[in-house]
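What follows is each chain in one-letter form.
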Amino acid sequence: MTWLTGPFSGALLAMTLSMLAPAPVQAAIGGLPPPAAHTDSSPQWEALRERLFPARKVVADGTRVQLIVPLRAAYGASVPVKVVSKLPQTADLYVKRIYLVIDKNPSPVAAVIDLSTEVGQADFETRLRVDEYSHVRVVSELSNGELHMDSRYVKTSGGCSAPPNRDAPQLIGKTVFRLPEGVHLDAPTTADVTVVHPNDTGFELNNQTVMFIPPHFVRSIKVSYGGRKVFDAELDFSVSENPTLRFNFVPHGPGELRAEVEDSKEAHFVGSLAVP
């Protein structure tokens, strides 16, 4: 074998080695999405915003509402979400409506909650299904027409295809209240309302039939106290199974907390709690 010598030998050797070097590794199609900032937009959000709030300004400066969500959720079918309002519910200015959105879910609008001043403080907690890496957003609509938003980019997946727990189908529709911190007269009092329900998305497989389970989920929860509206929540299957809402209400005396529930099969359920 003859080795090259002279001025071109080095250049030829370098070219040969570069040809033998492995090609740069590229991410496979369908791999993990690129990093995203919490404040980024998305094509899904831009399209949805035009449908929900046409020609209206949405302010995203964090002055009126805050969204608290784990950035890496362990289980996509049950992602805890907390909405913190930064103003009290007064007759002069209050949170009129809250929208919870998951940009890349098959059904992106998880909840629209219509509020009254009876909540005292418009903080809400629930659990959502997140189907893939996506922004989760809250939009707070004030009584003066302003729209304020906060968002977080959540890394999890599989939330809409995870099968629900079916250990007690006879309990579907059971609606219960809890007062985890007791009662505070004439002040915001924390309460939980839970509806036992699979909240089937239509994307889960039945392990025995290998057929998709038809969608069946809670459509609305209307909560009142002493006959006065606290909130009306319109929900979708992007809310986790056994939907639970943590909210506030202001008791001015003894009364009854009451929830009227309807699901996607037009079944109706009622739950109540006497508040001393």
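Residues numbered from 1 in each chain as written. Predicted model: local features only at pLDDT ≥ 70, side-chain atom pairs only at ≥ 80, totals over all residues. Heavy atoms only, no water.

(A) Looking closely at the confidence of the model for the chain. With 88% of its residues at a pLDDT of 70 or more, the chain has an overall mean of 88. Here residues 1-29 scores under 50 on pLDDT; set against residues more than four positions off or in separate chains, the count is 2 contacts. (pLDDT = per-residue confidence, 0-100. Contact = heavy atoms within 4.5 Å.)

(B) A look at the packing of aromatic side chains. A complete count under the given rule lists 8 aromatic pairs for this structure. Pairing Y133 with Y153 gives two aromatic rings, centres 6.5 Å apart and planes at 80°, and the pair type is edge-to-face. Taken together, the positions of Y133 in the loop between β6 (124-128) and β7 (134-142) and Y153 in strand β8 (residues 147-154) put the pair 20 residues apart, joining distant regions of the chain. Each member of the pair, Y133 together with Y153, is buried. Between the aromatic rings of F217 and F237, the centroid separation amounts to 5.7 Å while the plane-to-plane angle is 80°, which identifies the pairing as edge-to-face. Of the two residues, F217 sits in the loop between β10 (189-195) and β11 (218-225) while F237 sits in the loop between β12 (228-235) and β13 (244-249), which places them 20 residues apart along the sequence. For the pair F217 and F237, a shared accessibility class is recorded, and that class is buried. (Phe/Tyr/Trp six-rings, centres within 6.5 Å; stacked < 30°, edge-to-face > 60°. Helix = DSSP H or I, 4+ residues; strand = E, 2+ residues; numbered from the N terminus. Buried < 20%, exposed > 50% of the residue type's maximum accessible area, 1.4 Å probe, protein only.)

(C) Spatial organisation of unusual backbone geometry. Positive phi, close to 60°, is recorded for D186, a residue that is not glycine. Examined against the element boundaries, D186 turns out to sit in the loop between β9 (175-178) and β10. Here D186 falls in the exposed class, since its relative accessible area comes to 54%. Unlike most non-glycine residues, N242 shows phi in positive territory, near 50°. Structurally, N242 is set in the loop between β12 and β13. When its relative accessible area of 32% is taken as the criterion, N242 is described as partly exposed.

(D) Just a nonpolar patch on the surface, in detail. On the surface, L205, V210 and F212 cluster together into a nonpolar patch covering about 310 Å² of accessible area. Turning to its location among the elements, F212 is positioned in the loop between β10 and β11. Taking relative accessible area as the criterion, F212 reaches 55% and is therefore assigned exposed. (Patch = residues over 30% accessible without salt bridge, like charges linked within 9 Å, V, L, I, M, F, W, Y side chains within 5 Å. Areas by Shrake-Rupley, 256 points an atom, 1.4 Å probe, with all protein chains shown as cover. Salt bridge = Lys/Arg side-chain N within 4 Å of Asp/Glu carboxyl O.)

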